[in-house]
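Okay, here's what each chain looks like letter by letter:
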Amino acid sequence: MIRTFLALTVLTTPTPSAPDLTWAACPGDTASELRCADVPVALAPGSDRKLTLKVARLPATGKKKGTVMVNFGGPQGDQIAIMRSVAKIFTKIRQSMDVVTWDPRGYPGLSTPVLQCDWGPLRTPAFPRDQAGLDRLAATNKARGDRCRDTDPALFDHMDSASDARDAEAIRRALGEDRMNFIGTSYGGTIAQAYARQFPARVRTMYVDGTGNHSAGNWERELTAMARDRERQMDRFFAWAPKGMEQRWRRLVARAAKEPIPAPEVDARYDGTQLRALGSQKAVRGPAEWDALLAAIRVAEGGDASGFAPGGQDPYPGIMGGGVKECLDFPRTESRRSLARTVRRLRQVAPNTGAAFPLAWHAPLTCAGWPAQVANPPSPLPGKLPPMLGAGTWLDYAPTSRLVEQVRGSRMIKFDGPGHNLFAAMANACVIGHVSAYVTTGKLPPRGTECS
């Protein structure tokens, strides 16, 4: 059973005159062009409590005509440090615009206060065998969440992307901008979608890159689409691999589902879901990883799955950041029966990858029992938004397209290759050129535009 919640209210507030922000060198940074200021924001709508956001600005190098707001994803992340490290990608934009980012509420960074939580890697649990197993997992999750929540319950309950979007709106008002240009990459695209839902009249341009479709009207249908997206990446690998490798892969996964295969080099044992996750992670990285994946399958057939181990200290699949934001942004399950139905369906439509991806596996299992309700569930974008621009790689193109296509007149840039986050992380010059033209002039690239 999936919990349902009230839709977000669309907020349109008049733009007050800009306060006098005090811009100075960012803490610990005396060498870069970045300048920082403090912006107070409300903890929640109607709340008297204020948080202090540290906002950073790369000033326009020419005559300023507006501002571009950026969130690079994470979902946590030291956004100011990221912008300092990738400042060059904004060279064209800065000819006529300031570029602004902020360290998000609650996370370690320059904004205050900070939740005292475990922000390290979090291992994805195994799918429970029965309702009692899901209940035990929910109790474990609640205890983990409570340890974090106890440091500041009100802040913990307002760590969702809709709260981040309201923070972005407070920054817009503080800057005195009538409308905002928003760049959201990776999980930053989820925050961009939340902004578009709440403040559509304040959007001038919006670019999303490598983001999921948090604006789906039917979440189960979106999970099915995501499973097919993942399956296509394995299909690419099998089209390259020797004949018969797909059947060998399925036999290996079925064997691991009955009895986990040891990975002695990392002191681990991988079940079928873990093999699917680790194998698809290698497949989506493209030809550079395919030889290693092929070798890992062959050696695992002999009883050693060490070749599937990811880098890092934990040999098992998981994500960074404790899931604080994700557990407030995405639906969660309370019933092992409904979870099992979803898993069966995804394994039917994607037999090589199944439900072994974060939003079908990690999020439901690590958020079950979470001590705060879902505050920002997926919901469609409003009808009246200016045309958006999106971009995506092999894995990212389809979900980003499903988001962008909701807005009439929008465009997508296609990249025929592996990777993630074309604009910031990959710094693709072709994509940067199109994005720069779009946010500064409003001009979209032609339909069918591809970058290499």
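Residues numbered from 1 in each chain as written. Predicted model: local features only at pLDDT ≥ 70, side-chain atom pairs only at ≥ 80, totals over all residues. Heavy atoms only, no water.

K.L.:
Would you mind showing me how to read the overall build of the protein chain here?
P.N.:
When helices and strands are counted, the protein chain shows 14 helices and 14 strands. For the protein chain, whose C-alpha radius of gyration is 22 Å, the value lies close to the compact-globule estimate of 22 Å for 452 residues. Taking contacts inside the protein chain between residues at least 6 apart in sequence as the whole, the part at least 24 apart equals 75%. Surface accessibility of the protein chain: about 18900 Å² in total, with carbon and sulfur atoms responsible for 52%. Taking the 59 positively charged and 44 negatively charged side chains of the protein chain as two groups, their mean positions are separated by 5 Å. (Helix = DSSP H or I, 4+ residues; strand = E, 2+ residues; numbered from the N terminus. Rg over C-alpha atoms; globule rule 2.2 N^0.38 Å. Contact = heavy atoms within 4.5 Å. Areas by Shrake-Rupley, 256 points an atom, 1.4 Å probe, with all protein chains shown as cover. Lys, Arg positive; Asp, Glu negative; His and termini not counted. Charge placed at Lys NZ, Arg CZ, Asp CG, Glu CD.)

K.L.:
What exactly am I supposed to notice about the side chain of N421 here?
P.N.:
Among the secondary structure elements, N421 is positioned in the loop between strand 13 (411-415) and helix 14 (429-441). Engagement of the side chain of N421 in a polar contact is seen with the side chain of T185, the distance being 3.2 Å. Among residues more than four places away in sequence, those in contact with N421 are F72, T185, D209, D396 and M426. (Polar contact = N/O pair within 3.5 Å; in protein donor to acceptor, adjacent residues only side chain to side chain.)

K.L.:
Before we go on, may I ask you to explain the UniProt feature "domain: AB hydrolase-1" (unreviewed entry) in the protein chain in this structure?
P.N.:
As annotated in UniProt, the feature "domain: AB hydrolase-1" (unreviewed entry) corresponds to residues 149-245 in the numbering used here. Along residues 149-245, the helical share is 56% and the strand share 13%, with 47 Å between the first and last C-alpha atoms. (UniProt positions renumbered as here; feature names shortened; annotations may be inferred.)

K.L.:
Honestly, the layout of surface pockets in this entry has me stumped. Any pointers?
P.N.:
Vacant regions in the atomic arrangement are exposed by a probe of water-molecule size rolled over the atoms. Taken as a whole, the second largest pocket encloses approximately 550 Å³ of empty space. No other element matches helix 11 (residues 336-349), which puts 6 residues into the lining of the second largest pocket. (1 Å grid on protein atoms, 1.4 Å probe; cavity = no way out; pocket = protein on both sides within 12 Å on 5 of 7 lines; lining within 4 Å. Points joined across faces, edges and corners; volume = space filled by probe spheres on them.)

K.L.:
Explanation requested: the UniProt feature "domain: Peptidase S33 tripeptidyl aminopeptidase-like C-terminal" (unreviewed entry) in the protein chain in the structure shown.
P.N.:
The positions UniProt marks with the feature "domain: Peptidase S33 tripeptidyl aminopeptidase-like C-terminal" (unreviewed entry) are residues 362-451. What you have in residues 362-451 is 30% helix and 12% strand, and the ends, taken at the C-alpha atoms, are 32 Å apart.

K.L.:
Sorry if this is basic, but what is going on with the sheet that holds strand 1 (residues 24-25) here?
P.N.:
Within a sheet, neighbouring strands are paired by backbone hydrogen bonds and run either parallel or antiparallel to one another. Across the sheet, which stays open at both edges, the 10 strands sit in the order 1-2-3-5-4-7-8-12-13-14 with mixed pairing between neighbours. What marks the edges here is a single partner per strand, and that holds for strand 1 and strand 14 (450-451). Note: strand 4 (residues 66-71) against strand 5 (residues 97-102), 4 bridges, orientation parallel. Bridged to G66 within strand 5 is M97. Lying on the sheet, helix 14 is in contact with strand 4, strand 5, strand 7 (180-185), strand 8 (203-209), strand 12 (389-392), strand 13 and strand 14; it crosses strand 8 at an angle near 165°. (Pairing = 2+ DSSP bridges. Axes fitted to C-alpha atoms, helices over the stretch in contact; angles between N-to-C directions.)

K.L.:
Whenever I open this one, the packing of aromatic side chains confuses me. Can you help?
P.N.:
Centre distance and the angle of the planes are the two values used to describe a pair of aromatic rings. Summed over all chains, the structure comprises 17 aromatic pairs. Plain terms: the ring middles of F90 and F423 are 5.7 Å apart, the flat faces sit at 65° to each other, and that makes the pair edge-to-face. With F90 in the loop between helix 1 (79-85) and strand 5 and F423 in the loop between strand 13 and helix 14, this residue pair connects regions lying 333 residues apart in the sequence. Taking the relative accessible area as the measure of exposure, F90 reaches 0% and is therefore buried. Under the relative-accessibility criterion, F423 is labelled buried at 0%. With centroids separated by 6.4 Å and ring planes inclined at 75°, the aromatic side chains of Y187 and F330 adopt a geometry described as edge-to-face. (Phe/Tyr/Trp six-rings, centres within 6.5 Å; stacked < 30°, edge-to-face > 60°. Buried < 20%, exposed > 50% of the residue type's maximum accessible area, 1.4 Å probe, protein only.)

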